[in-house]
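Tertiary structure, described
If you want the building blocks of each chain, they are given just below.
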Amino acid sequence: MAGISTNMGSADRVIRVVVGIALIGFALAGPADIAWKWVGWIGVIPLVTALIGWCPLYTVLGFKTKS
């Protein structure tokens, strides 16, 4: 990714991976009678941002957790 530098620290990335996997797991294996189970697919966002190490919202806000 030319021009994009990472803006996330290690702890931030680990937390995002855990939260992303948990949300996706809920979407896949949660109780079938819950109508809003699709919300778990939002877990893709923290998972992808953790894998690339860059959060677009951090860039907009001028924030970074990488030291």
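Above this note sits the structure.
Overview of the structure.

Cut-offs applied
Residues numbered from 1 in each chain as written. Predicted model: local features only at pLDDT ≥ 70, side-chain atom pairs only at ≥ 80, totals over all residues. Heavy atoms only, no water. Helix = DSSP H or I, 4+ residues; strand = E, 2+ residues; numbered from the N terminus. Polar contact = N/O pair within 3.5 Å; in protein donor to acceptor, adjacent residues only side chain to side chain. Contact = heavy atoms within 4.5 Å. Expected span 1.5 Å × (residues − 1).

Moving on to the side chain of Asn 7. In this structure, Asn 7 sits in the segment before α1 (10-29). Looking at Asn 7, its side chain comes within polar contact range of the main-chain nitrogen of Cys 55, at 2.9 Å. Here Thr 59 takes part through its side chain, which lies 3.3 Å from a polar atom of the side chain of Asn 7. Excluding its chain neighbours within four sequence positions, the residues that come into contact with Asn 7 are Gly 53, Trp 54, Cys 55, Tyr 58, Thr 59, Phe 63, Lys 64, Thr 65 and Lys 66.

Right, let's get into α1. Across its 20 residues, α1 extends 28 Å between first and last C-alpha, which sits within 8% of the 28 Å expected from 1.5 Å per residue. Those residues of α1 that are buried are in contact with α2 (44-52) and α3 (56-61).

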